[in-house]
Amino acid sequence: MFTGIVEELGTVAGVEDQGDAIRLTIHAQHVLSDAGLGDSISVNGCCLTVAERDGETWTADVMQETLDKTSLAGVAPGDRVNLERAVTPTTRLGGHIVQGHVDGVGTVVSRTPSEHWEVVEVSMPADLARYLVDKGSITVDGVSLTVVEARDDGFTVSLIPETLARTTLGSRQVGDRVNLEVDVLAKHVEKLLAHRKDAS
């Protein structure tokens, strides 16, 4: 589990094509300070497992299922990625509950800068719209954000200078694909209500 508070911008150091999977190697420092084999690290919102570690790089196996359903397909050496270690019992929950399980891929539709923040519009698969509400939570490329306006085909978020400077969202361009994870609590509520309706 994660909080959606990015700890570090890492750099893709290598991508080894294995046919139905890739081995992804990432250069990082902070998130490796206490990381061991088998630990979980969120990469652009995707929970990956440390399979190898060598100094300031670590490697994860990314299966075809993940490549099919996330924007990790197509990553290349030199790309910057958002990194976050899994939470511990003593971690502050600064964002919201994030599983690292991507629900869909959206696209940056527009960016509107202002003096102190930037409004970004993101499209999303229509079947995810029911989980979003104004002022609710959404995870974009592993970053916990507050929805400004929820729409049937997308949403807007306001990015503060800290988010623009410390995450990949500062450099995402119109047309770029981003990983989306909706609030898992909304999915649980939906399922509970469906069971309640079936029982009545």
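Thresholds applied
Residues numbered from 1 in each chain as written. Predicted model: local features only at pLDDT ≥ 70, side-chain atom pairs only at ≥ 80, totals over all residues. Heavy atoms only, no water. Helix = DSSP H or I, 4+ residues; strand = E, 2+ residues; numbered from the N terminus. Polar contact = N/O pair within 3.5 Å; in protein donor to acceptor, adjacent residues only side chain to side chain. Contact = heavy atoms within 4.5 Å. Buried < 20%, exposed > 50% of the residue type's maximum accessible area, 1.4 Å probe, protein only. Salt bridge = Lys/Arg side-chain N within 4 Å of Asp/Glu carboxyl O. 1 Å grid on protein atoms, 1.4 Å probe; cavity = no way out; pocket = protein on both sides within 12 Å on 5 of 7 lines; lining within 4 Å. Points joined across faces, edges and corners; volume = space filled by probe spheres on them. Nonpolar A, V, L, I, M, F, W, Y, C, P; charged D, E, K, R; others polar. Pairing = 2+ DSSP bridges. Disulfide = S-S within 2.5 Å.

## Quick notes on the side chain of Thr25
Move 1: Tracing the backbone shows Thr25 in strand S2 (residues 21-27).
Move 2: Of note is the side chain of Thr25, whose polar atom sits 2.8 Å from the side chain of Thr59.
Move 3: With sequence-adjacent residues up to four places away left out, Thr25 is seen in contact with Thr11, Val12, Ala13, Gly14, Thr57, Trp58 and Thr59.

## Examining the environment of Met1
Move 1: One can find Met1 in the segment before strand S1 (8-17).
Move 2: A sequence separation of 98 residues divides Met1 from Gln99, and the C-alpha atoms of the two residues are 4.8 Å apart.
Move 3: Residues within four places of Met1 in sequence aside, it is in contact with Ala86, Val87, Ile97 and Val98.

## Let's talk about unusual backbone geometry
Move 1: At Asn44, a residue that is not glycine, the phi angle is positive and equals roughly 50°.
Move 2: Note that Asn44 resides in the loop between strand S3 (40-43) and strand S4 (46-49).
Move 3: What makes Asn44 buried here is its relative accessible area of 3%.

## Things to note about the pattern of salt bridges
Move 1: Enumeration according to the criterion identifies twelve salt bridges in this entry.
Move 2: Measuring nitrogen to oxygen at the nearest pair gives 2.8 Å for the salt bridge that ties Arg23 to Glu52. Of the two residues, Arg23 is situated in strand S2 and Glu52 in strand S5 (residues 52-54); the sequence distance between them amounts to 29 residues.
Move 3: Residue classification places Glu52 among the partly exposed positions, given a relative accessible area of 41%.
Move 4: Residue Glu121 is joined to Arg151 by a salt bridge in which the shortest nitrogen-to-oxygen separation is 2.8 Å. Of this pair, Glu121 sits in strand S9 (residues 118-123) while Arg151 sits in the loop between strand S11 (143-150) and strand S12 (154-159), and the two are 30 residues apart along the sequence.

## Looking at empty space enclosed by the protein
Move 1: Under the definition given, this model contains one cavity of 30 Å³ or more.
Move 2: By volume, the largest cavity is sized at about 80 Å³.
Move 3: In this structure, the largest cavity is lined by Val108, Arg111, Val120, Val122, Val140, Leu145, Val157, Leu159, Leu169, Arg172 and Val178.
Move 4: Elements supplying a minimum of two residues to the lining of the largest cavity: strand S8 (104-113), S9 and S12.
Move 5: Residues of the lining of the largest cavity, tallied by class, amount to nine nonpolar, no polar and two charged.

## Regarding the pairing of strand S13 (residues 177-182)
Move 1: Burial within S13 is extensive, with five of its six residues counted as buried.
Move 2: Across four bridges, S8 lies against S13 in antiparallel orientation. Residue Gly106 lies in a different strand from S13, and its bridge partner there is Val178.
Move 3: Both strand S10 (residues 137-140) and S13 contribute to a ladder of three bridges, which runs antiparallel. Paired with Ile138 across the bridge in S13 is Val182.

## What about the state of the cysteines?
Should the sulfur atoms of two cysteines be covalently bonded, the bond is a disulfide.
Move 1: Applying the stated criterion to the full structure yields zero disulfides.
Move 2: With no disulfide of its own, Cys46 lies closest to Cys47 among cysteine sulfurs, the gap being 9.0 Å.
Move 3: Its relative accessible area of 31% is what places Cys47 among the partly exposed residues.

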